[in-house]
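The residues making up each chain are set out below.
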Amino acid sequence: MPVVDFTLSLMYRYDAGGALAPLLPVRLRLVGYEAEFLLLVDTGAERTLLEGVHVRAAGLDVFDGQPLAFQGFLGARTTAYLHKATLVIGDSEVETEIAFSTQPLARQVLGRDILANFVLGLRERASEFYLAAES
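The rules behind these values
- Residues numbered from 1 in each chain as written.
- Predicted model: local features only at pLDDT ≥ 70, side-chain atom pairs only at ≥ 80, totals over all residues.
- Heavy atoms only, no water.
- Core = buried A, V, L, I, M, F, W, Y, C linked by side-chain atoms within 4.5 Å.
- Buried < 20%, exposed > 50% of the residue type's maximum accessible area, 1.4 Å probe, protein only.
- Helix = DSSP H or I, 4+ residues; strand = E, 2+ residues; numbered from the N terminus.
- Contact = heavy atoms within 4.5 Å.
- pLDDT = per-residue confidence, 0-100.
- Salt bridge = Lys/Arg side-chain N within 4 Å of Asp/Glu carboxyl O.
- Pairing = 2+ DSSP bridges.
- Axes fitted to C-alpha atoms, helices over the stretch in contact; angles between N-to-C directions.

Another point: the nonpolar core. A general tendency of soluble globular proteins is for nonpolar side chains to be buried together. Membership of the largest hydrophobic core comes to 28 residues, with the highest contact counts inside it found for Leu24, Leu28 and Leu110. For this core, the secondary structure elements donating two or more residues are β4 (23-30), β5 (33-41), β8 (77-89), β9 (92-101), α2 (112-115) and β12 (128-133). Sorting elements by how many residues they give to this core places β5 first, with five residues. Aside from chain neighbours lying at most four places away, what touches Leu24 is Leu8, Leu10, Phe37, Leu38, Leu39, Val41, Ile89, Leu110, Phe129 and Leu131. Judged by nonpolar contacts, the second largest core, of 11 residues, contains Ala21, Ala45, Leu105 and Val109.

With that out of the way, let us pick up the environment of Thr7. With respect to the helices, strands and loops of the structure, Thr7 is situated in the segment before β1 (8-11). Taking the relative accessible area as the measure of exposure, Thr7 reaches 65% and is therefore exposed. With 112 residues separating them along the chain, Thr7 and Val119 place their C-alpha atoms 10.0 Å apart. Contact partners of Thr7, with chain neighbours within four places excluded, come to Leu131, Ala132 and Ala133.

Here we come to the confidence of the model for the protein chain. Confidence in the prediction of the protein chain, expressed as mean pLDDT, is 92, and 97% of residues score 70 or more. Element-level mean pLDDT values for the protein chain span from 86 in strand β7 (residues 66-71) up to 97 in β4.

Our focus in this paragraph is the pattern of salt bridges. Under the definition given, this model contains six salt bridges. A salt bridge links Arg29 to Glu93; its shortest N-O distance comes to 3.0 Å. In this pair, Arg29 sits in strand β4 while Glu93 sits in strand β9, placing the two residues 64 residues apart along the sequence. With relative accessibility at 27%, the residue Arg29 sits in the partly exposed group. Accessibility expressed as a relative area gives 49% for Glu93, which makes it partly exposed. Among the charged side chains, a network of salt bridges with common partners joins Arg27, Arg29, Glu34, Glu36 and Glu93.

With that out of the way, let us pick up the sheet that holds β1. Taken in spatial order, the three strands make up an open sheet running β1-β12-β11, and their pairing is antiparallel. Taken across any chain shown, the strands that pair with only one partner, and hence form the sheet edges, are β1 and β11 (118-123). Averaged over neighbouring strand pairs, the angle between their axes works out to 20 degrees when direction is ignored. With six bridges joining them, β11 and β12 adopt antiparallel strand pairing. Bridge pairing in β12 links Gly121 to Tyr130.

Given below as structure tokens:
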């Protein structure tokens, strides 16, 4: 059986609606802009989806990116635009294209596009989760 040395051990946090959830602190870097916030770890999301306010704060036009259509679990649809960005999670940096929404989001989510760079462990009963960079 494989053994994983997790480098991050985190407790679930309360989201804006008062529910306990695996919220991961991340640092977003765009050209001339940096922000820290919490993202919901969402293994059901194919892509990471953030609010376009970050792109605008960096002085960029969100519409300059490649458009992508998104449909949420309950059928809500939105269009987001891909922009090169870096996400810093613990001691790891992931440079990729991130989808930024043109509309406010109920939740900003960390999807499998970024999670593919990590090993994820969940202890739902204990409200804990763990991350380690994929070797």
